[in-house]
Structures are given as C-alpha cells and as structure tokens.
Amino acid sequence: MLEVLGFVLLLFLAFRWQHRLPLWALGVWLNLIWFVYENELGSGWLAYLRGLGAGVFLAAGYGQPGLAWTLLPWPLLLHLRLDVRELLLYLPALGEGMLLGALLYLAGFRRR
C-alpha cells in the first residue's frame, strides 16, 4: 500500500510542474513511468492499478478532467493487446485505489 502513496507523490509533483508542460502531457508520462516501474521493480499490476485509482480520483477532485483521462490504464491495455476481458479481473484493484484517493481527498489533500 505504500507504493500507492509513491504514485500520489508523483502526482503532486506533476501538479507543481503544470506550468512547464500541460497537465495532460505530464499525466501520460506519469502513467507510463508508473507502469514500467511497477512491472520491472514493483509489485505488479495490482499496485499499478491502485495507484492509478488514487490518481484518477485526486485529479477529478482537483478539477483536472484531462489528467483524469490520461491516468486510465491504457499502458496495461496495450500490454494485454487490447483484451478488455483480461483487464476485468484487475478492475477491483482500481476501485480500491479510488477509495484510497477519496480518503486522501477527504483527509485534507485538496485545494481550499
């Protein structure tokens, strides 16, 4: 679960860099880097999807729909050769991440 907080930290760094690049472009790179990290060094697809779930909820909570769209699991779909049936087994992990993102949002990690 601590790996998910690593993704949230990367997401906050992306929010700080949004003046240098568009936020949707940072989201694409953030998603791709997180996917490669979790596949090569991390825990795998479950931690990847939990991190994305938290990121999607926080991006939507901050009013950034472009970033929320780029944080969908498109690298995993490309890796699975667009077989959505394979992805359905891992979607509960995405929901768990969204719940974690909701808890972070309600705990005070939001704009005032």
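Quick caveat: nothing in here was measured; it's all calculated off a predicted structure.

1. A word on the overall build of the chain
(1) Moving on: Summing up its helical and strand segments, the chain has 7 helices and 0 strands in all.
(2) Moving on: Ordered by position in the sequence, the α and β elements of the chain form the string α-α-α-α-α-α-α.
(3) Moving on: Here the C-alpha atoms of the chain give a radius of gyration of 13 Å, agreeing with the 13 Å that 2.2 N^0.38 yields for 112 residues.
(4) Moving on: C-alpha atoms of the chain, sized along the principal axes, occupy 40 × 30 × 25 Å.
(5) Moving on: For the chain, with 112 residues in total, the buried portion stands at 40%.
(6) Moving on: For the chain, restricting intrachain contacts to residue pairs at least 6 apart in sequence, the fraction spanning at least 24 positions comes to 73%.
(7) Moving on: Split by element, the accessible area of the chain, about 6,800 Å² in all, is 68% carbon and sulfur.
(8) Moving on: Within the chain, the 6 negative side-chain charges are centred at a point lying 16 Å from the centre of the 8 positive side-chain charges.

2. As for the pattern of salt bridges
(1) Moving on: On inspection of all chains with the given rule, the structure shows 2 salt bridges.
(2) Moving on: For Arg50, the salt bridge identified is with Glu96, shortest N-O distance 2.7 Å. Here Arg50, found in helix 3 (residues 45-61), pairs with Glu96, found in helix 7 (residues 91-106); they are 46 residues apart in sequence, far enough to count as distant.
(3) Moving on: The class for Glu96 is partly exposed, based on a relative accessible area of 39%.

3. Overview of the environment of Ala25
(1) Moving on: With respect to the secondary-structure elements, Ala25 resides in helix 2 (residues 23-40).
(2) Moving on: With relative accessibility at 15%, the residue Ala25 sits in the buried group.
(3) Moving on: In the structure, Ala25 is positioned 18 residues away from Ser43 in sequence and 25 Å away in space, judged by C-alpha atoms.

Definitions and cut-offs
- Residues numbered from 1 in each chain as written.
- Predicted model: local features only at pLDDT ≥ 70, side-chain atom pairs only at ≥ 80, totals over all residues.
- Heavy atoms only, no water.
- Helix = DSSP H or I, 4+ residues; strand = E, 2+ residues; numbered from the N terminus.
- Rg over C-alpha atoms; globule rule 2.2 N^0.38 Å.
- Buried < 20%, exposed > 50% of the residue type's maximum accessible area, 1.4 Å probe, protein only.
- Contact = heavy atoms within 4.5 Å.
- Areas by Shrake-Rupley, 256 points an atom, 1.4 Å probe, with all protein chains shown as cover.
- Lys, Arg positive; Asp, Glu negative; His and termini not counted.
- Charge placed at Lys NZ, Arg CZ, Asp CG, Glu CD.
- Salt bridge = Lys/Arg side-chain N within 4 Å of Asp/Glu carboxyl O.

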